[in-house]
Amino acid sequence: MTMRVAVAVSGRGSNLEALLRALGADAPAHVVVVLSNRGDAPALDRAREHGVTAEVLSDPANGAEWLDRLARHRVDLVVLAGYLKLVPAAVIAHYRDRILNVHPALLPAFGGRGMYGHRVHEAVLASRARESGATVHLVDEVYDRGRILAQARVPVLPGDSAETLAARVLGVEHRLLPAVVLAAAAAGRPVPLPETVESSS
Ligand code: GRF
């Protein structure tokens, strides 16, 4: 039995691309639908290029619409990959412990409402932290608060800008998120992974 995965996106979709590449024909998990709150998200084109159904939510705050779409695709696991809206509480209740999010910092630091995109990396640089990284966690009713399943660290280097740090973190996101999904498929449910440390780049 393969694990049927829905990926929710709002923008570029590079994490979606990493998942689509990692979850090929022989993988124990497959992306069966990509959902977006935005019809113009470039991520939707990435889905279609891989032959995956891409759907735009007509009302992202409507839990019934989400649940209907997820049921129609018989989804086992929901992955938020650069999805910037709050997931309705009814969806979180129905898919409790089966919704993952990837965040571009080492939670619980540098998370919460409004902490997305370059703001995260600017806050890390302003704090003079010597490392940052990526976190994959379970999603509950509060932004970035759910149980942490996996983290990968990267150094903050002298001269880093938000852009250079974001690119370094994104590189580890692209490995961490597929690893967590593959481990979930193997275990039949999301499970924690050992922490990894990336030396650079
Ligand atoms: C990633 O940095 C992710 O951690 C954050 O939003 C960004 C999405 O990038 N939640 P992409 O759309 O996957 O390229």
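Before reading further, recall that the structure is shown in the block above.
Residues numbered from 1 in each chain as written. Predicted model: local features only at pLDDT ≥ 70, side-chain atom pairs only at ≥ 80, totals over all residues. Heavy atoms only, no water.

Leu 107 connects to Pro 108 through a cis peptide bond whose omega is 10 degrees. By the secondary structure assignment, Pro 108 is in the loop between strand 5 (99-103) and helix 5 (118-127). Here Asp 97, not a glycine, exhibits a phi torsion of approximately 65 degrees, which is positive. Tracing the chain through its elements places Asp 97 in the loop between helix 4 (89-94) and strand 5. For Asp 97, a relative accessible area of 46% gives the class partly exposed. Positioned with a positive phi, Asp 144 is a non-glycine residue whose angle comes to about 65 degrees. With respect to the helices and strands, the residue Asp 144 is situated in the loop between strand 6 (131-138) and strand 7 (148-155). For Asp 144, a relative accessible area of 13% translates into the label buried. (Helix = DSSP H or I, 4+ residues; strand = E, 2+ residues; numbered from the N terminus. Buried < 20%, exposed > 50% of the residue type's maximum accessible area, 1.4 Å probe, protein only.)

Moving on, we come to the site of the ligand. All residues adjacent to the ligand are Arg 12, Gly 13, Ser 14, Asn 15, Gly 82, Val 102, His 103, Pro 104, Leu 170 and Glu 173. Between an oxygen atom of the ligand and a main-chain N or O atom of Gly 13, the distance comes to 2.8 Å. Here a nitrogen atom of the ligand sits 3.1 Å away from a polar atom, N or O, in the main chain of Val 102. Here the ligand, which alone exposes 370 Å², has 86% of that area covered by the protein. Looking at the shell around the ligand residue by residue, the class counts come to three nonpolar, five polar and two charged. (Near = heavy atom within 4 Å. Polar contact = N/O pair within 3.5 Å; in protein donor to acceptor, adjacent residues only side chain to side chain. Areas by Shrake-Rupley, 256 points an atom, 1.4 Å probe, with all protein chains shown as cover. Nonpolar A, V, L, I, M, F, W, Y, C, P; charged D, E, K, R; others polar.)

By the definition in use, this model includes one aromatic pair. Geometrically, the ring pair formed by Trp 66 and Tyr 83 is edge-to-face, given 5.6 Å between the ring centres and 85 degrees between the ring planes. Here Trp 66, found in helix 3 (residues 63-72), pairs with Tyr 83, found in the loop between strand 4 (77-80) and helix 4; they are 17 residues apart in sequence, far enough to count as distant. (Phe/Tyr/Trp six-rings, centres within 6.5 Å; stacked < 30°, edge-to-face > 60°.)

A word on the pattern of salt bridges. Scanning all chains against the criterion turns up 11 salt bridges. The partner of Glu 141 in a salt bridge is Arg 96, and the shortest N-O contact between them spans 2.9 Å. Of this pair, Glu 141 sits in the loop between strand 6 and strand 7 while Arg 96 sits in the loop between helix 4 and strand 5, and the two are 45 residues apart along the sequence. Accessibility expressed as a relative area gives 36% for Glu 141, which makes it partly exposed. Arg 96 sits in the partly exposed class, given a relative accessible area of 40%. (Salt bridge = Lys/Arg side-chain N within 4 Å of Asp/Glu carboxyl O.)

This brings us to helix 1 (residues 14-22). Across the nine residues that make up helix 1, a large majority, seven, are buried. Within helix 1, burial applies to Ser 14, Asn 15, Leu 16, Glu 17, Ala 18, Leu 19 and Leu 20.

What follows deals with the nonpolar core. Val 5, Val 7, Leu 16, Val 34, Val 79, Leu 100 and Val 181 are the most contacted members of the largest nonpolar core, which has 41 residues in total. The greatest single-element share of this core, amounting to nine residues, is contributed by helix 6 (residues 162-187). Those residues in contact with Val 7, other than ones at most four positions away along the chain, are Leu 16, Leu 19, Val 31, Val 33, Val 34, Leu 35, Val 79 and Ala 81. Residues Ala 8, Trp 66, Val 87 and Val 91 belong to the second largest nonpolar core, which totals 18 residues. (Core = buried A, V, L, I, M, F, W, Y, C linked by side-chain atoms within 4.5 Å. Contact = heavy atoms within 4.5 Å.)

Quick look at the environment of Ser 127 now. Looking at where Ser 127 falls in the secondary structure, it is placed in helix 5. With 16 residues separating them along the chain, Ser 127 and Tyr 143 place their C-alpha atoms 21 Å apart. For Ser 127, the side chain forms a polar contact with the main-chain nitrogen of Ala 129, separated by 3.1 Å.

The analysis is restricted to geometry; functional conclusions fall outside its scope.
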